[in-house]
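Here are the chains, one letter per residue:
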Amino acid sequence: MSGAALGLEIVFVFFLALFLLHRYGDFKKQHRLVIIATLLAWYLCFLIVFILPLDVSTTIYNRCKLAANSSPAESNGSYVTLAPRILLPFMQSYARSGGFSITGKIKTALIENAIYYGTYLLIFGAFLIYVAVNPNFNLQWNQLQTIGIAAANTWGLFLLVLLLGYGLVEIPRSHWNGAKRGYLLMKTYFKAAKLMTEKADAEENLEDIMEEVRKVSESIKYNHPLRKCVDTILKKCPTEYQERMGRNMDDYEDFDERQNSYPSEKSLVKLHKQVIYSVQRHRRTQVQWQILLEQAFYLEDVAKNETSATRQFVHTFHSQEPENKIIQYFYTPTVEWYWECLLRPWFYRVLAVVLATFSVIVVWSECTFFSTQPVLSLFAVFIQLAEKTYNYIYIEMACFLTIFFLSICVYSTVFRIRVFNYYYLASHHQTDAYSLLFSGMLFCRLTPPLCLNFLGLTHMDATISHKNTQPTAYTSIMGSMRVLSFIADGFYIYYPMLVVILCIATYFSLGTRCLNLLGFQQFMGDSEMTSDLIDEGKELIRREKRKRQRQEEGENRRREWKERYGNRDDSTRSRVAHTDQKESSFSETNTNRPLSKYTRSNGRTERDRIELLQDAEPLDFNADSINDDPLELDSGRYQPGGRYLSMSRSKVFDDV
């Protein structure tokens, strides 16, 4: 049973990590190494979280069977944390580098990470020198590994408590506010005003960068040694700018003929890096603006449909993406109205209460998990009660819900936070390679202390329970909190209590207020700046809505015109084509007249033409009316007097 569950979890977690990476990354445009490294980091971190409840239940089962006959393996997490410490920071600099070759990108990445790696080497070298000089210390390899685990878990626990304190309050509050339609709509207006400012700034920045690229492209001609670098930069520019620069570029001018100062390769590398960043930012703001418009239009539709008497949800605009037929069949306008206008607010309120209850339990357990007599941690109480009744399914479910809630609070904060434009996970394939790799590095740093904190809350870590029992497989492989005495008995015990202070600060929005005072506009209901931005965003949404309505009205008029007059135009075109065919056949008949003059195939038309010519022969011609003008003689025009212009008998059949 455990083997089947393990196999299902491995497959499920892989597709979960792949789905999230597809939502935030871009498989077509980003480098394969970036995709593989990020997928591997996310997959391993998520897999540890999902497997840990199975590990706990298996360990309790083995304790009950007294199957702990072998000592746990002496291993640690230094090899698992090797990727976030060395590989991912290097790949970050490599992906963000503006070099034109692999060697140049590696060189740039090494230079940028020299300070990062040098700090670690300096501290480690000083420690080794101190140990070698001091005769009281007999340092071995296992002790070095222990110190490495302590350093990694200490830094990870520091970040864990910060993110956990924010998520324990913000996740229940966001779901509670999700039931308030007016709150969501006002916040959407606020986001629209901020995003429009960022969008305009991104467009202006792109224009400036493209102007620099144009100047460089005009100065460096086709036979310059750096022309290949310029072509590489041009390929990263948007298509419209490439066409504009291609029209204005004259490659027939020799660069040696004019004595100009040409940019160096180093400046081109810097320009290449700026082009990549500006194009990515411009594309991201454009996509986010369209998504935000759809959200604003939908929230306005919900507000209008709440007072609908028909109880059918009516959209102002039709969805631009084709909807699934199965969803359309079940999710009818009536079902959508009941869900959006009646059920969803209550569902969000109930979910917010449940999440708030979990948050209170976590905060209480974080402050009391070190107490073993009596056991005050509620998670440890639940696990011990289930252990006495040998209810392993309950143990797995309780452990899964506990660590799942903890991981949601921590990982969702990683997806939400934004450090200017340095780190930002944007959905709909708009996240750059640097942010993806940085998120993988954060996950790898947060997962080991998260799992150790969970084992401490449930008293499955021997350091907390003070029992000489069989450790879990995770503790055997990754190590436990029992590393250094002053860290295990001090920092690991009392530092998680700071989560109470962080939860209080998050509840009163102290961080948001501080950022607002520093000039970073944040959504605050009692701020005058927030009200101004809400009004500005509302006007922007109204303007875009009128623009969208005019476009749809124009399309509807063109569609109606085509439906009303399309068949008539088609019939007119067919008649014109039929007439052209008749005229062409008639001209062909006239061309072949000498051969088919007396055949039956010409029919009545040819006989009428012959009779007309025969009737014209006995007419009485007046010699006085003969005109010497050759144009009039050949034309045979009909004069007002009712008589034809005179012509000789030899010219009667010339025009036939």
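Note that the structure is a prediction, hence the values are computed from the model and not measured. (Residues numbered from 1 in each chain as written. Predicted model: local features only at pLDDT ≥ 70, side-chain atom pairs only at ≥ 80, totals over all residues. Heavy atoms only, no water.)

Asks: Which residues make up the overall build of the protein chain, and what values do they have?
Replies: Broken down by element type, the protein chain carries 24 helices and 2 strands. A buried classification covers 36% of the 656 residues belonging to the protein chain. Long-range pairs, those at least 24 residues apart, make up 74% of the contacts in the protein chain between residues at least 6 apart in sequence. Here the protein chain has roughly 39900 Å² of accessible surface; of this, 60% comes from carbon and sulfur atoms. (Helix = DSSP H or I, 4+ residues; strand = E, 2+ residues; numbered from the N terminus. Buried < 20%, exposed > 50% of the residue type's maximum accessible area, 1.4 Å probe, protein only. Contact = heavy atoms within 4.5 Å. Areas by Shrake-Rupley, 256 points an atom, 1.4 Å probe, with all protein chains shown as cover.)

Asks: Explain the side chain of Ser 435 to me, using residue names and the numbers behind them.
Replies: With respect to the secondary-structure elements, Ser 435 resides in helix H15 (residues 433-457). The exposure class assigned to Ser 435 is buried, which follows from its relative accessible area of 2%. Of note is the side chain of Ser 435, whose polar atom sits 2.7 Å from the side chain of Asp 432. Setting aside residues up to four positions removed in sequence, Ser 435 forms contacts with Tyr 422, Tyr 423, Tyr 424 and Leu 425. (Polar contact = N/O pair within 3.5 Å; in protein donor to acceptor, adjacent residues only side chain to side chain.)

Asks: How would you sum up the state of the cysteines? Please name residues and give values.
Replies: Counted according to the given criterion, the structure contains 0 disulfides. Free cysteine: Cys 409, not disulfide-bonded; nearest cysteine sulfur from Cys 503 at 8.9 Å. Cys 409 sits in the buried class, given a relative accessible area of 0%. (Disulfide = S-S within 2.5 Å.)

Asks: Describe a nonpolar patch on the surface, listing the residues and the values that go with them.
Replies: Taken together, Val 419, Phe 420, Tyr 422, Leu 515, Leu 518 and Phe 520 make up a surface patch of nonpolar side chains, about 590 Å² in accessible area. Taking the relative accessible area as the measure of exposure, Phe 420 reaches 58% and is therefore exposed. (Patch = residues over 30% accessible without salt bridge, like charges linked within 9 Å, V, L, I, M, F, W, Y side chains within 5 Å. Salt bridge = Lys/Arg side-chain N within 4 Å of Asp/Glu carboxyl O.)

Asks: Can you lay out the environment of Ile 60 for me, pointing to particular residues and giving the numbers?
Replies: Within the element layout of this structure, Ile 60 appears in helix H2 (residues 32-65). On the accessibility criterion, Ile 60 (0% relative accessible area) is buried. Note: C-alpha distance between Ile 60 and Gln 384 (324 residues apart in sequence) is 9.8 Å. Those residues in contact with Ile 60 that lie beyond four places of it in its chain are Ile 383, Glu 387, Tyr 392, Ile 395 and Met 460.

Asks: Run through the side chain of Asp 301, naming residues and quoting values.
Replies: Looking at the secondary structure, you find Asp 301 in helix H10 (residues 265-305). Of the side chains bearing the opposite charge, Lys 545 lies closest to the buried Asp 301, which forms no salt bridge; the N-O distance is 5.0 Å. Dropping the residues within four chain positions of it, Asp 301 is found in contact with Phe 313, Val 314, His 315 and Thr 316. (Lys, Arg positive; Asp, Glu negative; His and termini not counted.)

Asks: An account of the packing of H2 against H15 is requested, with residue identities and associated values reported.
Replies: Packed helices, taken two at a time, are described by the angle their axes make and the gap between the axes. For the pair H2 and H15, interaxial distance at closest approach is 8 Å and the crossing angle is 15°. Between H2 and H15, the interaxial angle falls into the category roughly parallel. The crossing of H2 and H15 is left-handed. Contact with H2, carried on its side by Val 34, Ala 37, Thr 38, Ala 41, Trp 42, Cys 45, Phe 46, Ile 48, Val 49, Leu 52 and Val 56, involves Ala 433, Leu 436, Leu 437, Ser 439, Gly 440, Phe 443, Cys 444, Thr 447, Leu 450, Cys 451, Phe 454 and Leu 455 of H15 and no other residues of that element. (Axes fitted to C-alpha atoms, helices over the stretch in contact; angles between N-to-C directions. Parallel < 35°, antiparallel > 145°, perpendicular 65-115°, else oblique. Left-handed = near helix turned anticlockwise from the far one by under 90°.)

Asks: Describe the nonpolar core, naming the residues involved and giving the relevant values.
Replies: Ranked by size, the top nonpolar core spans 76 residues in total, and within it Trp 42 and Leu 168 carry the most contacts. Trp 42 has contacts with Ala 17, Leu 20, Leu 21, Phe 415, Leu 436, Ser 439, Gly 440 and Phe 443, leaving out every residue within four places of it along the chain. Of all hydrophobic cores here, the second largest spans 18 residues; its members include Val 213, Val 230, Cys 237 and Leu 271. (Core = buried A, V, L, I, M, F, W, Y, C linked by side-chain atoms within 4.5 Å.)

Asks: Lay out unusual backbone geometry with the relevant residues and their values.
Replies: The omega torsion of the bond from Gln 373 to Pro 374 falls at -5°, within 30 degrees of zero and hence cis. One can find Pro 374 in the loop between helix H12 (333-368) and helix H13 (378-388). A positive phi is found at His 459, a non-glycine position, where the angle reads about 60°. Mapped onto the secondary structure, His 459 falls in the loop between H15 and helix H16 (462-465).

Asks: An account of the pattern of salt bridges is requested, with residue identities and associated values reported.
Replies: Overall, the coordinates contain 12 salt bridges when judged by the stated rule. Here Arg 281 and Asp 201 are joined by a salt bridge, their closest N and O atoms 2.8 Å apart. Taken together, the positions of Arg 281 in helix H10 and Asp 201 in helix H7 (residues 181-219) put the pair 80 residues apart, joining distant regions of the chain. In this structure Asp 201 comes out as partly exposed when scored by relative accessible area, which is 39%.

Asks: Summarise the confidence of the model for the protein chain; cite the residues concerned and give the values.
Replies: In the predicted model, the protein chain carries a mean pLDDT of 77, and 73% of its residues have values of at least 70. Scored below 50 in pLDDT, residues 67-79 makes 17 contacts in the model with residues more than four places away or belonging to other chains. (pLDDT = per-residue confidence, 0-100.)

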